[in-house]
Amino acid sequence: MNSHSTLGPAPASTPAAAPLHRPRRLRRTPQLRRLTAETQVNANNLIQPLFLREGITEPREIPSMPGVYQHTRDSLRKAAAEAVAAGVGGVMLFGIPKDKDERGSGAVDPDGILQTALRDVTAEVGDATVVIGDINLDEYTTHGHTGVLGADGDVDNDASVLLYAQAAVVQADAGAHIVAPSGMMDGQVRHIRAALDQAGHHNVAILGYSAKYASHFYGPFRDAVESSLQGNRRTYQQYPGNIRESLREVDLDLAEGADMVMVKPALAYLDIVRLIADRVDVPVSAYQVSGEYSMIEAAAERGWIDRDGTIVESLTAIHRAGASQIITYWATEFAPRVGR
């Protein structure tokens, strides 16, 4: 008997061109891909923006943001409860008043529309989530700028931050856990921190809109809050081509007492998110703004992209870039799909 007959057939030789390493092994099944994922968005990372509109009796869908609504008090409470049930990490509230004036007085009125929203939502779900109030004057001013105007027609920085400080206190009085100044005024965080502490709100945190760019992606949001803006905000929001300026703004906000920092918009500024996340030791948020939302929704409605897959991919990209929290209009819808 041939001495080799009991050994079976000789093994086939390995082709010289066969790869030595096969990373595809770990991409072969959904289970393997899930197990080996380096970045996965969690529901707790998501923050849902919500709008309360004064003087309406039914929710109004925002035409340029399908699926997003200006709420009544009743529908706002319901939307906040739905967000919490879905597992989102927090809600960010915006108020839309019936009446505006040159100084944006509604922003500092204890009974103003945003303070009403904060009281309603904290009463409804305040023990179960984080409630954030946006500090800005643009929704409340007849000129649509984020602060009061000086004699030269530009925003008066120092007069505006005094109003921001007042707004922070009335928002904290109304129940806000975090206040988020978005006006991009110099020194805003310092004035807000001092006012909060003086009013006894030592535990109310500040989320600084530290790197907020003068972006064309904000258009639909201005519909949402019925902005009266004519012109632009380039004298106070950042130029899109600048990087070092963003890092300086973040450093200043942290030195003034910010507890968290934000980059806005998100997708067009992922490089900025990454740089800041690598630089600081506080949570970094990114705002997936209205234009990002509306572009994806419009392309999906036309059948040009897969809606759900694109949304999850965009959220993953923002988180991968270093955002600890993502403010997104899809938070409630997608929180159950990304896990807790």
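In this text the structure is predicted, and so the values were computed from the model without any measurement.

Colleague: It is not clear to me how the overall build of the protein chain should be interpreted in this structure. Could you clarify?
Modeller: Summing up its helical and strand segments, the protein chain has 11 helices and 10 strands in all. With the C-alpha coordinates of the protein chain rotated into their principal frame, the extents come out at 105 × 45 × 40 Å. Within the protein chain, buried positions represent 51% of all 340 residues. Within the protein chain, residue pairs in contact and separated by at least 24 positions form 76% of the contacts whose partners lie at least 6 positions apart. Within the protein chain, the 42 negative side-chain charges are centred at a point lying 10 Å from the centre of the 32 positive side-chain charges.

Colleague: Looking at this model, I keep getting lost on the packing of aromatic side chains. Mind explaining?
Modeller: Centre distance and the angle of the planes are the two values used to describe a pair of aromatic rings. This structure, assessed with the given rule, holds 6 aromatic pairs. Seen from their ring centres, Tyr213 and Tyr269 are 4.2 Å apart, and the 20° between their planes marks the pair as stacked. In this pair, Tyr213 is assigned in the loop between β7 (205-212) and α6 (219-224) and Tyr269 in the loop between β8 (260-264) and α8 (270-279), connecting sequence segments 56 residues apart. Accessibility classification places Tyr213 together with Tyr269 in one group, the buried group. Ring geometry for Tyr287 and Tyr329: centres 6.1 Å apart, planes at 45°, overall tilted. In this pair, Tyr287 sits in strand β9 (residues 284-287) while Tyr329 sits in the loop between β10 (325-327) and α11 (331-338), placing the two residues 42 residues apart along the sequence. In this pair, the class of Tyr287 matches that of Tyr329, namely buried. Joined through ring pairs, the aromatic side chains of Phe51, Phe94, Tyr287, Tyr293, Tyr329 and Trp330 make up one cluster. One residue, Lys212, lies across the ring of Tyr218, its end atom 5.9 Å from the ring centre. In this arrangement the basic side chain of Arg302 is found over the ring face of Trp304, its NZ or CZ atom lying 5.8 Å from the centre.

Colleague: Explanation requested: the pattern of salt bridges in the structure shown.
Modeller: Pairing of side chains with opposite charge becomes possible as their charged atoms draw close. Counted by the stated rule, this structure contains 15 salt bridges. For the salt bridge of Asp308 with Arg307, the shortest nitrogen-to-oxygen distance reads 3.1 Å. For Asp308, a relative accessible area of 32% corresponds to the partly exposed category. A single salt-bridge network, built from bridges that share partners, covers Glu297, Arg307, Asp308, Glu333 and Arg337.

Colleague: I'm lost on the packing of α8 against helix α10 (residues 307-321) in this one. Help?
Modeller: How two helices sit against one another is set out by the angle between their axes and by the gap between those axes. Direction vectors running N to C along α8 and α10 enclose 35°, while the axes themselves pass 8 Å from each other. Residues Leu270, Val273, Arg274 and Ala277 of α8 form the contact with α10, whose participating residues are Ala317, Ile318, Arg320 and Ala321. Class assignment for the residues of the contact of α8 with α10 results in 6 nonpolar, no polar and 2 charged.

Colleague: Explanation requested: the pairing of strand β5 (residues 130-135) in the structure shown.
Modeller: Each regular strand shows side chains that alternate between the opposite faces of the sheet. A large share of β5 lies buried, amounting to 5 of its 6 residues. Here 4 bridges tie strand β4 (residues 90-96) to β5, and the two strands are oriented parallel to one another. Bridge pairing links Leu93 to Gly133 in β5. Read from β4 through helix α3 (residues 113-125) to β5, the crossover connection turns out right-handed. By the bridge criterion, 4 bridges tie β5 to strand β6 (residues 178-181) in an arrangement that is parallel. Paired with Ile132 across the strands is Ile178, a residue of β6.

Colleague: Where do I start with α8 in this structure?
Modeller: Residues lying three or four places apart along an α-helix face the same way, a consequence of the helix completing one turn every 3.6 residues. Every buried residue of α8 is accounted for by Ile272, Val273, Ile276 and Ala277. Seen from one end, α8 has its buried residues packed into an arc of 130°, which puts them on one side. Packing partners of the buried residues in α8 comprise β7, α7 (244-256), β8, β9 and α10.

Colleague: Quick question: what am I supposed to make of the pairing of strand β3 (residues 65-71) here?
Modeller: Two elements, strand β1 (residues 46-53) and β3, share 2 bridges in a ladder whose sense is parallel. Bridged to Phe51 within β3 is Gln70. Alignment of strand β2 (residues 60-62) against β3, held across 3 bridges, turns out to be antiparallel. Counterpart to Glu61 in the pairing with β3 is Tyr69.

Colleague: Just to check I follow, could you spell out a positive patch on the surface for this structure?
Modeller: A contiguous patch of positive charge, built from Arg22, Arg24, Arg25 and Arg27, is present on the exposed surface. By the element assignment, Arg25 lies in the segment before α1 (30-35).

Colleague: How do you make sense of the environment of Leu76 when you look at a structure like this?
Modeller: Within the secondary structure, Leu76 is located in helix α2 (residues 73-86). Between the C-alpha atoms of Leu76 and Glu313, which are 237 residues apart in sequence, the distance is 28 Å. The residues touching Leu76, leaving out its near neighbours within four places in the chain, are Leu50, Phe51, Leu52, His71, Leu93, Ala117 and Val121.

Colleague: How should the side chain of Ser294 be read in this particular structure?
Modeller: Within the element layout of this structure, Ser294 appears in helix α9 (residues 290-301). Overall, Ser294 belongs to the buried group, its relative accessible area being 13%. Beyond its immediate stretch of four places on either side in the chain, Ser294 contacts Ser64, Met65 and Pro220.

Cut-offs used in this document
Residues numbered from 1 in each chain as written. Predicted model: local features only at pLDDT ≥ 70, side-chain atom pairs only at ≥ 80, totals over all residues. Heavy atoms only, no water. Helix = DSSP H or I, 4+ residues; strand = E, 2+ residues; numbered from the N terminus. Buried < 20%, exposed > 50% of the residue type's maximum accessible area, 1.4 Å probe, protein only. Contact = heavy atoms within 4.5 Å. Lys, Arg positive; Asp, Glu negative; His and termini not counted. Charge placed at Lys NZ, Arg CZ, Asp CG, Glu CD. Phe/Tyr/Trp six-rings, centres within 6.5 Å; stacked < 30°, edge-to-face > 60°. Lys NZ or Arg CZ within 6 Å of the ring centre and 35° of its normal. Salt bridge = Lys/Arg side-chain N within 4 Å of Asp/Glu carboxyl O. Axes fitted to C-alpha atoms, helices over the stretch in contact; angles between N-to-C directions. Nonpolar A, V, L, I, M, F, W, Y, C, P; charged D, E, K, R; others polar. Pairing = 2+ DSSP bridges. Right-handed = clockwise from strand over helix to strand, strands pointing away. Arc of directions from axis to C-beta. Patch = residues over 30% accessible without salt bridge, like charges linked within 9 Å, V, L, I, M, F, W, Y side chains within 5 Å. Areas by Shrake-Rupley, 256 points an atom, 1.4 Å probe, with all protein chains shown as cover.

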